[in-house]
Amino acid sequence: MSKLVFLFSLVFCINLDAQEKPEGLFINSKAPEFKAKDQNGNEIVLKDLRKKGPVVLLFYRGYWCPYCSKELQKLEDSLSLIKEKGAQIIAVTPEKQEGISKTIEKTKASYSIITDEEMKIMKAYDVAYQVDAKTVSRYKMANIDLAADNGQKPDAIYLPITAVYIISKDGEIKYRFFDQDYKKQAPVKDILNNLVGLK
């Protein structure tokens, strides 16, 4: 186990009890539309994307999160299988472009990654939570400055819950993975199984 993973496991337990917990969106609910630019400057319009087929929408915390990187890497490794099912992946993160570049360097992700600067997408999908001051301080001890990385105010730092949604062509959520434990990630096998019949 790497030192960073050990630190995350031991020290960085995020306490959501002191605030209103996000619940995420549920299966068969309507997926909120959004428009944003990805890491290559391409305009990503959900309404247009889902006309072509289902969309796998995932939220991750940042390049500094080893669990997120592992998930993004697995999705990249399975990208051809996902595309075979007529789907595409969109990743959403609060980190700025510099962080996305580091994420891509680590994971080799070739799918679109969106910086959700104003947290509009994260809030629309009910995955955003405010990080408490104690946790922010602990991250800083590990040289992770969330305010700088995400371009957020030091007293209002938000991260997304680990979440994956599959959105069908008609705009409905057909699969959801939502877990407040950031160490848990959506199994790629589950994502592939839930894409069956959605072409």
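Residues numbered from 1 in each chain as written. Predicted model: local features only at pLDDT ≥ 70, side-chain atom pairs only at ≥ 80, totals over all residues. Heavy atoms only, no water.

Novice: It is not clear to me how the side chain of Ser168 should be interpreted in this structure. Could you clarify?
Specialist: Inspection of the secondary structure assignment puts Ser168 in the loop between strand E8 (162-167) and strand E9 (173-179). Among the residues examined, Ser168 registers a relative accessible area of 5% and is labelled buried. Apart from the residues within four sequence positions on either side, Ser168 is in contact with Arg50, Lys174 and Leu198. (Helix = DSSP H or I, 4+ residues; strand = E, 2+ residues; numbered from the N terminus. Buried < 20%, exposed > 50% of the residue type's maximum accessible area, 1.4 Å probe, protein only. Contact = heavy atoms within 4.5 Å.)

Novice: Whenever I open this one, the environment of Gly151 confuses me. Can you help?
Specialist: Within the secondary structure layout, Gly151 lies in the loop between helix H8 (146-150) and strand E7 (158-160). Those residues in contact with Gly151, other than ones at most four positions away along the chain, are Lys96 and Leu146.

Novice: Just checking my understanding: could you explain the packing of helix H3 (residues 66-77) against helix H5 (residues 97-107) for this structure?
Specialist: Between two packed helices, what matters for the description is the angle formed by their axes and the separation of those axes. Closest axis-to-axis distance for the H3/H5 pair is 9 Å, and the angle between their directions is 60°. On the basis of their axis angle, the class for H3 and H5 is oblique. The two elements H3 and H5 meet at a crossing, and its hand is right-handed. On H5, the residues that touch Ser69, Leu72, Gln73 and Glu76 of H3 are Thr103, Lys106 and Thr107. Grouping the constituent residues of the contact of H3 with H5 by class yields one nonpolar, four polar and two charged. (Axes fitted to C-alpha atoms, helices over the stretch in contact; angles between N-to-C directions. Parallel < 35°, antiparallel > 145°, perpendicular 65-115°, else oblique. Left-handed = near helix turned anticlockwise from the far one by under 90°. Nonpolar A, V, L, I, M, F, W, Y, C, P; charged D, E, K, R; others polar.)

Novice: So what exactly am I meant to see when it comes to the sheet that holds strand E5 (residues 112-115) here?
Specialist: Two modes of strand pairing occur in sheets, parallel and antiparallel, and in both the strands are linked by backbone hydrogen bonds. Read across the sheet, five strands follow the order E5-E4-E3-E8-E9 without closing on themselves; strand pairing throughout is mixed. Each edge of the open sheet is held by one strand with a lone partner, namely E5 and E9. Direction aside, neighbouring strands of the sheet carry axes that sit 15° apart on average. Where strand E3 (residues 55-59) meets E8, five bridges bridge the pair, whose relative direction is antiparallel. Each residue of the ladder has a partner; that of Leu57, found in E8, is Tyr165. Sitting on the sheet, H5 is in contact with strand E4 (88-93) and E5, with an inclination near 155° to E5. (Pairing = 2+ DSSP bridges.)

Novice: How should I be thinking about the layout of surface pockets in this particular structure?
Specialist: Once rolled over the atoms, a probe with the size of a water molecule shows which space is left empty. Empty space within the largest pocket amounts to approximately 200 Å³. Looking at the largest pocket, the residues that line it are Glu33, Phe34, Lys35, Ala36, Ile114, Thr115, Asp116, Glu117, Glu118, Lys120, Ile121 and Ala124. Of all the elements, helix H6 (residues 120-124) adds the most residues to the lining of the largest pocket, at three residues. Taken together, the residues of the lining of the largest pocket sort by class into five nonpolar, one polar and six charged. (1 Å grid on protein atoms, 1.4 Å probe; cavity = no way out; pocket = protein on both sides within 12 Å on 5 of 7 lines; lining within 4 Å. Points joined across faces, edges and corners; volume = space filled by probe spheres on them.)

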